[in-house]
Amino acid sequence: MAASASFEDLIEKQLKGFTGDLDVAETGVVVQTGDGVARVSGLMNVMAAELLDLPGGMQGIAMNLERDEVGIILLGDGSHVREGDEVRRTGKIVQVPVGDALVGRVVDALGRPLDGKGPINAKEFRPIEVRAPGVVERQPVKEPLQTGIKAVDAMTNIGRGQRELIIGDRQTGKTAICVDTILNQKGGDVKCIYVAIGQKASTVAGLARILEERGAMAYTTIVVAGAADPAPLQFLAPYAGTAMGEYYRDRKGHALCVYDDLYRHAVAYRQLALVLRRPPGREAFPGDIFYLHSRLLERAAKLSDELGGGSLTALPVIETQEGDVSAYIPTNVISITDGQIVVETSLFYQGVRPAVNVGTSVSRVGSSAQVKSMKQVAGRLRLDMSQYRELEVFSKFGAELDKATSAQLARGERMVELLKQPQYSPLPVEKQVAAIYAGSNGFVDDVPVGDVSRFEAELYVFLDGTRPEVLAAIREKRELSNEVKALLEPALAEFKAQFNPTDKK
């Protein structure tokens, strides 16, 4: 009996000291895997877009919630995922790090560093998918976001909170417009996020080097889901970039998000949808392909003053085939955005760079998001350039032209030269206004076409060195008042008098 009592005492003593915690988790089992997705049974309470843990550190996202199974996309190389593997719920929606810790970094679609500069010590995380601001939470787009590109700021201007599509064939300068816009934010209050979707690693590395050399990485984050990355990461990348931009928008700041490009994004989503057995529609894209981009681009907004007045501006890029802007994905995105900048192959090979087609490019925000001085010179410019393009086609028939038409053609030809701009050389708005004013008011009419670019370059040097008060007046007054014109016109006349068209420097 004594031995029995001591045994019971021992068990009782051990039970009293037991403090083990139960590990309770809802788990499921992989029933099928392949092509970057897996089908899992047993996750009865899983949420849409919930993050799931798989063996080997692999993670997935719940995409298809069906009666008996869940279709998940795998965030990485899923070749080691096997049927019968355990899948655990995390109870978390996919999040990415946000904040200043990401500035100057190159990260993947989940915010993990790719640049070898060490871990990202972010203090805050945000879900990659959130509700877009409603009508009451927004205000009209009326504050300009300068790109530094004359042809864009004058005729297809962009405002803070706008969604302006950049569309055209491959190798026509779409990315160059985006990069110049990022470079032009130097010294300003706009944080930039560049999202590279399905691009070659060498291309992204070259772009990062350019931004680094010109000091733009001090306010820029690059999010990369390259051509070698799985389709799930390419699908998530633009939403992750938007979440990073929303951090600044919601804190009364300003952000610019470039999506390069959304056609590759749609192709990645189509791949996932087909493997997940979603019904295909036109061009094999799933039926919710419009919603894919609308819920992304609607998050770009200029918030109301009550919410701080912050803004997130979106520059989506779409690559077309043979200039076909009426294809399925381009027309979808055109209908969502607030305008489009169309770059044409023919103009590009003629040496007109940026190769912006004035006739088909438009900003639906209009002049409300322009500096008043630019508005004053640009209204006439757009009309003049449209008329020039029409007359140029007519003149090719060899018809005799009257004096007024010939003069209009001559001025249009010089304005085309004046609007050309080298890559990676954005201009402040005061210099743009001075150059366009000179062209629109006849100061370049008798300058040989081949000398127009030199005329422009030397004009900037002259104004900077000899008449800096002119640029200062345009910058500070922000309109071409009589007072500013009284400074600008004599300065242009003085420069014109000393400019030597025959000088072949």
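Everything here concerns the structure above.
Residues numbered from 1 in each chain as written. Predicted model: local features only at pLDDT ≥ 70, side-chain atom pairs only at ≥ 80, totals over all residues. Heavy atoms only, no water.

When you line up the elements, V195 lands in strand β11 (residues 190-197). For the pair formed by V195 and D260, sequence separation is 65 residues and the distance between their alpha carbons is 6.0 Å. Residues within four places of V195 in sequence aside, it is in contact with V223, A237, P238, G241, C257, V258, Y259 and D260. (Helix = DSSP H or I, 4+ residues; strand = E, 2+ residues; numbered from the N terminus. Contact = heavy atoms within 4.5 Å.)

At a minimum axis distance of 11 Å, the contact between helix α13 (residues 452-465) and helix α15 (residues 482-498) shows a crossing angle of 120 degrees. For the element pair α13 / α15, the angle class is oblique. At the point where α13 passes α15, the crossing takes the right-handed sense. Contact with α13, carried on its side by F455, E458, L459, F462 and L463, involves A491, L492, E494, F495, K496 and Q498 of α15 and no other residues of that element. Across the contact of α13 with α15, the residue classes break down as seven nonpolar, one polar and three charged. (Axes fitted to C-alpha atoms, helices over the stretch in contact; angles between N-to-C directions. Parallel < 35°, antiparallel > 145°, perpendicular 65-115°, else oblique. Left-handed = near helix turned anticlockwise from the far one by under 90°. Nonpolar A, V, L, I, M, F, W, Y, C, P; charged D, E, K, R; others polar.)

Moving on, we come to the side chain of D85. Looking at where D85 falls in the secondary structure, it is placed in the loop between β5 (69-74) and β6 (86-93). Salt bridges are absent for the buried D85, whose nearest opposite-charge side chain, R82, sits at 6.8 Å. Polar contacts involving the side chain of D85 include one to the main-chain amide nitrogen of R82, which spans 2.8 Å. The residues touching D85, leaving out its near neighbours within four places in the chain, are G28, V29, V30, P55 and H80. (Buried < 20%, exposed > 50% of the residue type's maximum accessible area, 1.4 Å probe, protein only. Lys, Arg positive; Asp, Glu negative; His and termini not counted. Salt bridge = Lys/Arg side-chain N within 4 Å of Asp/Glu carboxyl O. Polar contact = N/O pair within 3.5 Å; in protein donor to acceptor, adjacent residues only side chain to side chain.)

In the structure shown here, the tally under the stated rule is 39 salt bridges. Of the charged contacts, one joins K150 and E456 as a salt bridge, the two residues approaching to 2.4 Å between their closest N and O atoms. Highlighted residues: K150 in helix α2 (residues 150-155) and E456 in helix α13, separated in sequence by 306 residues. Neither K150 nor E456 differs from the other in exposure class; each is buried. Because the salt bridges share partners, they merge into one network encompassing R126, E246, R249, D250 and R299.

In sheet architecture, strand pairing relies on hydrogen bonds along the backbone and comes in two forms, parallel and antiparallel. Strand order in this open sheet of eight strands is β8-β12-β11-β13-β14-β10-β15-β16, and the pairing throughout is mixed. Both outer strands of the open sheet, β8 (106-107) and β16 (362-363), are each paired with one neighbouring strand and no more. Here strand β10 (residues 165-168) runs beside strand β14 (residues 311-319); their pairing, made up of three bridges, is parallel. Bridge pairing in β14 links I166 to V317. Sitting on the sheet, helix α4 (residues 201-213) touches β11 and β12 (220-225), and the angle it makes with β12 is about 175 degrees. (Pairing = 2+ DSSP bridges.)

The description of an aromatic ring pair uses the distance of the two centres, along with the angle that the planes make with each other. Tallied over the full model, the rule gives nine aromatic pairs. Ring centres 5.4 Å apart and planes at 25 degrees place the aromatic pair F235 and Y269 in the stacked group. In this pair, F235 is assigned in helix α5 (residues 231-249) and Y269 in helix α6 (residues 262-275), connecting sequence segments 34 residues apart. Summarising the burial analysis for this pair, F235 and Y269 share the class buried. By way of ring pairs, the aromatic residues F455, F462, F495 and F499 are connected into one cluster. The ring of F285 has R270 lying over it, and the distance from NZ or CZ to the ring centre is 4.3 Å. For R353, the ring lying beneath its charged end belongs to F348, and the centroid distance is 4.0 Å. (Phe/Tyr/Trp six-rings, centres within 6.5 Å; stacked < 30°, edge-to-face > 60°. Lys NZ or Arg CZ within 6 Å of the ring centre and 35° of its normal.)

A separate point is unusual backbone geometry. At the junction of D260 and D261, the peptide bond is cis and its omega measures out at -5 degrees in the coordinates. Here D261 shows up in the loop between β13 (254-260) and α6.

The next point concerns the environment of A228. Secondary-structure assignment places A228 in the loop between β12 and α5. Here the alpha-carbon distance between A228 and Q199, two residues 29 residues apart in the chain, equals 8.5 Å.

Together, V393, F394, F397 and L401 make up an exposed nonpolar region whose accessible area comes to about 420 Å². Structurally, the position occupied by V393 is in helix α10 (residues 372-395). (Patch = residues over 30% accessible without salt bridge, like charges linked within 9 Å, V, L, I, M, F, W, Y side chains within 5 Å. Areas by Shrake-Rupley, 256 points an atom, 1.4 Å probe, with all protein chains shown as cover.)

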